[in-house]
Amino acid sequence: MQTRAPIIPSPEESDGGWEMIIWTDEYLTGNPGMDGDHRRLLALFNEFLTAVNAGQGDGAVRGVLDELTDYTRHHFAREERLMLEGRYPQYERHKKMHDTFSRQVADARDHLVVGSGMSAFLLSFLGGWLARHILGTDRDLGHFLSNRGAADH
Ligand SMILES: [Fe+2]
Ligand SMILES: [Fe+2]
């Protein structure tokens, strides 16, 4: 059986338009709080993608992107709290990834002109980063927390 790559393809690869990220159990980290957040994050990413693909105006696209950014902030804070509570040895490295990503998205958002290369960049950057980060870095954290039996907050 062929498994679908969770990373969204570029428009060239996908024959026009960006594809949604479909949730699969591959994204599960084992931490219910993180998993719930990740589902919501991917849903918000798909909303952003839909707005761009539908050719909605700058204001609408930026509004959806802001919602995604706000939720990302909330989610990163949750993971960072879990890491501190669980005395996670990779805390600094993981937090740095969150910080860099947040800065890059904020920069890109400030320069967003819908229909320009920037929205395509944001789509590929956001989608690719979220999928890879959840599948790698966040799953490592989830496994660590499960092994420790840390309570979810
Ligand atoms: Fe996460
Ligand atoms: Fe994370």
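Residues numbered from 1 in each chain as written. Chains lettered and ligands numbered in written order. Predicted model: local features only at pLDDT ≥ 70, side-chain atom pairs only at ≥ 80, totals over all residues.

Peer 1: Could you give an account of the overall build of the chain, with specific residues and numbers?
Peer 2: Summing up its helical and strand segments, the chain has five helices and zero strands in all. Each helix and strand of the chain, ordered N terminal to C terminal, gives the series α-α-α-α-α. Within the chain, the proportion of its 153 residues that are buried is 25%. For the chain, the share of sequence-separated contacts (at least 6 apart) that also reach a separation of at least 24 residues comes to 70%. (Helix = DSSP H or I, 4+ residues; strand = E, 2+ residues; numbered from the N terminus. Buried ≥ 20, exposed ≤ 12 C-beta atoms within 10 Å, placed from the backbone. Contact = placed C-beta atoms within 7 Å.)

Peer 1: Lay out helix α2 (residues 32-53) in plain terms, naming residues and giving numbers.
Peer 2: Each full turn of the α-helix corresponds to 3.6 residues, which orients residues three or four apart in the same direction. Its 22 residues place the ends of α2 31 Å apart at the C-alpha level, agreeing with the 32 Å of an ideal helix rising 1.5 Å per residue. Along α2, the residues classified as buried are Met34, Asp37, His38, Leu41, Leu42, Leu44, Phe45, Asn46, Phe48, Leu49 and Val52. (Expected span 1.5 Å × (residues − 1).)

Peer 1: Explain the nonpolar core to me, and be specific about the residues and the numbers.
Peer 2: Ranked by size, the top nonpolar core spans 19 residues in total, and within it Phe45, Phe48, Leu49, Leu123 and Leu130 carry the most contacts. For this core, the secondary-structure elements that each account for two or more residues are α2, α3 (58-85) and α5 (117-148). Membership of the second largest hydrophobic core comes to six residues, among which are Leu82, Leu141, Phe144 and Leu145. (Core = buried A, V, L, I, M, F, W, Y, C linked by C-beta atoms within 7 Å.)

Peer 1: Give a detailed account of unusual backbone geometry, specifying residues and quantitative values.
Peer 2: Here arginine 87, not a glycine, exhibits a phi torsion of approximately 50°, which is positive. Mapped onto the elements of the fold, arginine 87 is located in the loop between α3 and α4 (91-110).

Peer 1: Report on α3, specifying residues and quantitative values.
Peer 2: Here α3 spans 40 Å end to end across 28 residues, near enough to the 40 Å set by a 1.5 Å rise per residue. Looking only at α3, the buried set comprises Val61, Leu65, Leu68, Thr72, Glu79, Leu82 and Met83. Just downstream of α3 lies arginine 87, where phi reads positive at about 50°.

Peer 1: If you had to explain the packing of α3 against α4 to someone new, which residues and values would you point to?
Peer 2: Close contact between α3 and α4 brings their axes to 11 Å; oriented N to C, the two are set at 170°. With respect to α4, the axis of α3 lies roughly antiparallel. Residues Arg62, Leu65, Thr69, Thr72, Arg73, Phe76, Glu80, Met83 and Leu84 of α3 form the contact with α4, whose own contacting residues are Tyr91, His94, Lys95, His98, Ser102, Val105 and Arg109. Considered class by class, the residues forming the contact of α3 with α4 number six nonpolar, five polar and five charged. (Axes fitted to C-alpha atoms, helices over the stretch in contact; angles between N-to-C directions. Parallel < 35°, antiparallel > 145°, perpendicular 65-115°, else oblique. Nonpolar A, V, L, I, M, F, W, Y, C, P; charged D, E, K, R; others polar.)

Peer 1: A description of the packing of α2 against α3 should follow, citing residues and the corresponding values.
Peer 2: Helices that pack against each other are described as a pair by the angle of their axes relative to one another and the distance between those axes. As a packed pair, α2 and α3 sit with axes 9 Å apart at the nearest point and diverge in direction by 165°. As summarised for this structure, α2 and α3 are arranged roughly antiparallel, according to the angle between their axes. Like other packed secondary-structure pairs, α2 and α3 cross with a definite hand, here left-handed. Packed against α2, whose contacting residues are Gly33, Met34, Asp37, Arg40, Leu41, Leu44, Phe45, Glu47, Phe48, Ala51 and Val52, the element α3 presents Ala60, Val61, Val64, Leu65, Glu67, Leu68, Tyr71, Thr72, His75, Arg78 and Glu79 at the interface. (Left-handed = near helix turned anticlockwise from the far one by under 90°.)

Peer 1: Provide a residue-level description of the confidence of the model for the chain, including the pertinent values.
Peer 2: Mean pLDDT for the chain: 84, with 84% of residues reaching 70 or above. By mean pLDDT, helix α1 (residues 11-14) is the weakest element of the chain at 50, and α2 is the strongest at 94. Low pLDDT, under 50, characterises residues 1-9; the predicted model gives this stretch 15 contacts beyond four residues in sequence or across chains. (pLDDT = per-residue confidence, 0-100.)

Peer 1: Describe the environment of alanine 51, and please don't skip the residues or the numbers.
Peer 2: With respect to the secondary-structure elements, alanine 51 resides in helix α2. Here the alpha-carbon distance between alanine 51 and leucine 65, two residues 14 residues apart in the chain, equals 9.6 Å. Among residues more than four places away in sequence, those in contact with alanine 51 are Gln56, Ala60, Val61 and Val64.

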